[in-house]
Amino acid sequence: MIKVLVVGVGGKMGRTLTQACAEADNATLVAGTEYPESSLLGQDIGVVAGIAANGVSITGSVGDAVSAAEVAIDFTRPLVSLATLEACVNTGCAAVIGTTGFDAEQKAQIDAAAKRIPIVMAANFSVGVNVCLKLLHDAAAALGDDYDVEIIEAHHRHKVDAPSGTALAMGESVADALGRDLADCAVYAREGDTGARDGQTIGFQTIRGGDIVGEHTVMFISTGERVEISHKASSRMNFAAGAVRAAQWVARREPGLYSMQDVLARD
Ligand code: NAD
């Protein structure tokens, strides 16, 4: 049984992770944290997640909570996740990071932590999305530069970063296959006198509204035909189950920064 800490256990993903741990055969939730002023402190993690009480109360200190765990799972905000990694490095705890929206400097801090502890990080922990990333790479390599690439993503109204980490990962997969650097070829907005489309660009369109869990479509558009690869998530459980699978995989690995592709390839 892998002992798991969930950071941000009262969040949308945190609650789903509690359910996923309860359903997993070889993971047990031993601790959960929220921010120090949260009204959820002291409440039972299971009750907060809407399942049976499990006798573990939510606490406000990741430094204390991490000492009880073998793997910390964190789907929160970039600065919170960096603090989680610092606590993990201090105790030798492994980490699964699902938070999106890190900037380049923050990513460098994650790379540094991965020299000390094993970390799985993915913009999307769903098995289906990770299969899509491979399909996209194959499709882009076969279709080549003759097809214009546009990526459309839609999420719920509370999401704070755009485009989604998954859309960016899809863009990176396509750019890699086409020998392009996404930082140079991404177009995130079009307005006014844009001129004709540059065939070397990869366009992103973002939709936000309601309770959409997460939808992504990549279009390869040529004259006379269009190929679309789509993924639609209807429940957060697919992300949570993937993260728990990653937690089981990463516990007791050598230090390093691993992806969900590594988890799926080797377990
Ligand atoms: P959310 O806002 O519902 O949950 C975040 C939780 O973190 C909140 O409960 C908040 O109170 C808590 N938190 C804030 N500060 C904290 C602190 N100092 N210590 C402990 N907890 C703290 O958000 P969400 O929809 O669950 O998404 C969280 C992140 O996960 C986002 O970055 C989102 O993009 C990402 N996400 C990733 C995947 C994936 O598969 N990688 C899937 C879904 C969401």
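Just so you know, these numbers come straight off a predicted model, no measurement behind them. (Residues numbered from 1 in each chain as written. Predicted model: local features only at pLDDT ≥ 70, side-chain atom pairs only at ≥ 80, totals over all residues. Heavy atoms only, no water.)

Caption draft 1: Representation of the sheet that holds strand β4 (residues 71-74). Strand order in the open sheet formed by seven strands is β3-β2-β1-β4-β5-β6-β12, and the pairing between neighbours is parallel. Looking along the sheet, the strands with just one partner apiece sit at the ends: β3 (58-59) and β12 (256-258). (Pairing = 2+ DSSP bridges. Helix = DSSP H or I, 4+ residues; strand = E, 2+ residues; numbered from the N terminus.)

Caption draft 2: Geometry of the site of the ligand. In the neighbourhood of the ligand, 22 residues make up the surrounding shell, with Lys-12, Met-13, Glu-34, Thr-100 and Phe-125 lying closest. The backbone of Phe-125 places a nitrogen or oxygen atom 2.9 Å from an oxygen atom of the ligand. Protein burial of the ligand: of its 860 Å² of free accessible surface, 81% is covered by the chains. Judged by its atoms lying within 2 Å of the grid points, the ligand is housed in the largest pocket. (Near = heavy atom within 4 Å. Polar contact = N/O pair within 3.5 Å; in protein donor to acceptor, adjacent residues only side chain to side chain. Areas by Shrake-Rupley, 256 points an atom, 1.4 Å probe, with all protein chains shown as cover. 1 Å grid on protein atoms, 1.4 Å probe; cavity = no way out; pocket = protein on both sides within 12 Å on 5 of 7 lines; lining within 4 Å. Sits in = over half its atoms within 2 Å of the grid points.)

Caption draft 3: The arrangement of the packing of aromatic side chains in detail. In the structure shown here, the tally under the stated rule is three aromatic pairs. Look at Tyr-188 and Phe-204: their rings are 5.1 Å apart centre to centre, the planes differ by 35 degrees, and that puts the pair in the tilted class. Linking Tyr-188 in the loop between β8 (186-187) and β9 (202-208) with Phe-204 in strand β9, this pair joins segments that are 16 residues apart in sequence. Residue Phe-204 is classed as buried on the basis of its relative accessible area, which comes to 1%. (Phe/Tyr/Trp six-rings, centres within 6.5 Å; stacked < 30°, edge-to-face > 60°. Buried < 20%, exposed > 50% of the residue type's maximum accessible area, 1.4 Å probe, protein only.)

Caption draft 4: Unusual backbone geometry, seen in detail. In this model, Ala-162 is joined to Pro-163 through a cis peptide bond whose omega is -10 degrees. Its place among the elements puts Pro-163 in the loop between β7 (148-155) and α7 (165-178). Phi angles above zero are rare outside glycine, and Arg-252 is one such case at about 70 degrees. Structurally, Arg-252 is set in the loop between α9 (237-250) and β12. What makes Arg-252 exposed here is its relative accessible area of 68%.

Caption draft 5: View of the nonpolar core. Counting 38 residues, the largest nonpolar core has Leu-17, Ile-73, Val-96, Val-120 and Phe-125 as its most contacted members. Listed by contribution, the elements that provide at least two residues to this core are β1 (2-7), α1 (12-23), β2 (27-33), α2 (45-48), β4, β5 (94-97), α9 and α10 (260-266). Among the elements that take part in this core, α9 stands out by supplying eight residues, more than any other. Among all residues touching Leu-17, those that are not within four sequence positions of it are Val-6, Ile-73, Phe-75, Ala-240, Ala-243 and Val-244. Listed in part, the 22 residues of the second largest apolar core include Val-89, Cys-93, Ile-97 and Ile-110. (Core = buried A, V, L, I, M, F, W, Y, C linked by side-chain atoms within 4.5 Å. Contact = heavy atoms within 4.5 Å.)

Caption draft 6: Structural context of the sheet that holds β8. In space, the five strands of this open sheet follow the order β8-β9-β7-β10-β11, with mixed pairing throughout. One side of each edge strand has no neighbouring strand; the edge strands of this open sheet are β8 and β11 (225-233). Note: β8 against β9, two bridges, orientation parallel. Directly across from Val-187, in β9, lies its bridge partner Gly-203.

Caption draft 7: Spotlight on the layout of surface pockets. The volume enclosed by the largest pocket comes to roughly 980 Å³. Forming the walls of the largest pocket are 45 residues, and the residues nearest its centre are Met-13, Phe-75, Thr-76, Arg-77 and Thr-99. Of all elements in the fold, only α1, α4 (78-91), α7, β10 (214-222) and β11 reach the threshold of two or more residues within the lining of the largest pocket. The greatest single-element share of the lining of the largest pocket, amounting to four residues, is contributed by α4. As a volume, the second largest pocket reaches approximately 780 Å³. Lining the second largest pocket are 33 residues, and of these Lys-107, Ala-123, Gly-165, Ala-169 and Glu-172 lie nearest its centre. When residues in the lining of the second largest pocket are grouped by element, the largest group, five residues, is from α7. Grouping the constituent residues of the lining of the second largest pocket by class yields 17 nonpolar, eleven polar and five charged. (Points joined across faces, edges and corners; volume = space filled by probe spheres on them. Nonpolar A, V, L, I, M, F, W, Y, C, P; charged D, E, K, R; others polar.)

Everything listed here is a matter of geometry and, on its own, says nothing about what the molecule does.
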